[in-house]
Amino acid sequence: MDLEARSLQPNVKAILLAKLREYKSDLNNLKSEHKRLALANSNQAARDDLLESGMADAMSVSANQRGRLMMSTERLNESSDRIKESRRTMLETEELGVSILQDLHQQRQSLLHANDTLHGVDDNISKSKKILTNMSRRMSRNKWIISSIIVVLVVAIALILYFKLSK
């Protein structure tokens, strides 16, 4: 395969040679792993003897480990109970928070509605003020007009009397 790859075009040749090197390294790795596993199987009998001799020691250690395991299990159960209690408290707090947020939302809506109403009232007051100002101006103008008419009539009456009495 190496010879075939070397005889191809340069652009394909580089790719194929890189793959070939990779395959060769994978093959060498597999061979070394195979040798290691074959050696491990031959030592299996020696391992079995070693494990049987260690079983007597394991029985005495087992009782000690069992006691520690029971204590660890008890602590784990206590921790689980505390976690469940904490979770229950967290859920109650979350429900309370949701309730408070709903109340705050309703209060916000009420304040926004009151604000809109206040702006409407403010607009109405502004319109009323303009109307009253206009009415006041008209009333003032009408007073001047009536006063002028009265003055003109008084002058006219005085002139009429003057001319009547002077004849």
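Just so you know, the residues in each chain are numbered from 1, in the order the chain's sequence is written. This being a predicted model, a pLDDT of at least 70 is required before a residue's local features are given, and a value of 80 or more before pairs of side-chain atoms are given or counted; all residues contribute to the totals for chains, interfaces and linings. Based on all heavy atoms of the structure, the side-chain values leave hydrogens and waters out of the count.

Student: Help me out: how do you make sense of the overall build of the protein in this one?
Tutor: Secondary structure elements are taken from DSSP: a helix is a run of H or I of four residues or more, a strand is a run of E of two residues or more, and numbering for both begins at the N terminus. Each helix and strand in the protein was counted, giving three helices and zero strands. When the helices and strands of the protein are listed from N to C terminus, the series reads α-α-α. Type-normalised accessible area, obtained with a 1.4 Å probe on protein chains alone, sets the label of each residue: buried when under 20%, exposed when over 50%, and partly exposed for intermediate values. A total of 167 residues make up the protein; the buried ones form 2% of that total. Per-residue and other accessible areas follow the Shrake-Rupley method at a 1.4 Å probe size, with only the shown protein chains counted as cover for residues. Accessible surface computed for the protein: about 15700 Å², of which carbon and sulfur atoms make up 63%.

Student: Teacher, can you tell me more about the pattern of salt bridges here?
Tutor: Oppositely charged side chains can pair when the atoms bearing their charge come close. In what follows, salt bridge is the name for a side-chain nitrogen of Lys or Arg lying within 4 Å of a carboxyl oxygen of Asp or Glu. Under the defined criterion, the tally for this structure stands at two salt bridges. Among the ionic contacts, a cluster of salt bridges with common partners joins Glu85, Arg88 and Glu92.

Student: Any chance you could explain a nonpolar patch on the surface here in plain terms?
Tutor: Excluding any residue in a salt bridge, patches collect residues exceeding 30% relative accessible area, merging like charges within 9 Å and nonpolar Val, Leu, Ile, Met, Phe, Trp and Tyr side chains within 5 Å. On the surface, Val151, Val155, Leu159, Tyr162 and Phe163 cluster together to form a nonpolar patch covering roughly 520 Å² of accessible area. As for its position among the elements, Leu159 is in helix α3 (residues 44-166). Residue Leu159 is classed as partly exposed on the basis of its relative accessible area of 44%.

Student: In this structure, what is going on with the environment of Ser25? I would like to understand it.
Tutor: Its location among the elements puts Ser25 in helix α2 (residues 10-42). Here a polar contact is recorded for every N or O atom pair within 3.5 Å, except that within protein the pair must consist of a potential hydrogen donor and a potential acceptor, and residues adjacent in sequence are included only if both atoms are side-chain atoms. A distance of 2.8 Å separates a polar atom in the side chain of Ser25 from the backbone oxygen of Glu22.

Student: Help me understand the confidence of the model for the protein in this model?
Tutor: By definition, pLDDT measures how confident the predictor is in each residue, and it falls between 0 and 100. On average, residues of the protein carry a pLDDT of 85, and 83% of them reach 70 or more. Across the protein, element-level confidence peaks in α3 with a mean pLDDT of 88 and bottoms out in helix α1 (residues 2-6) with 65.

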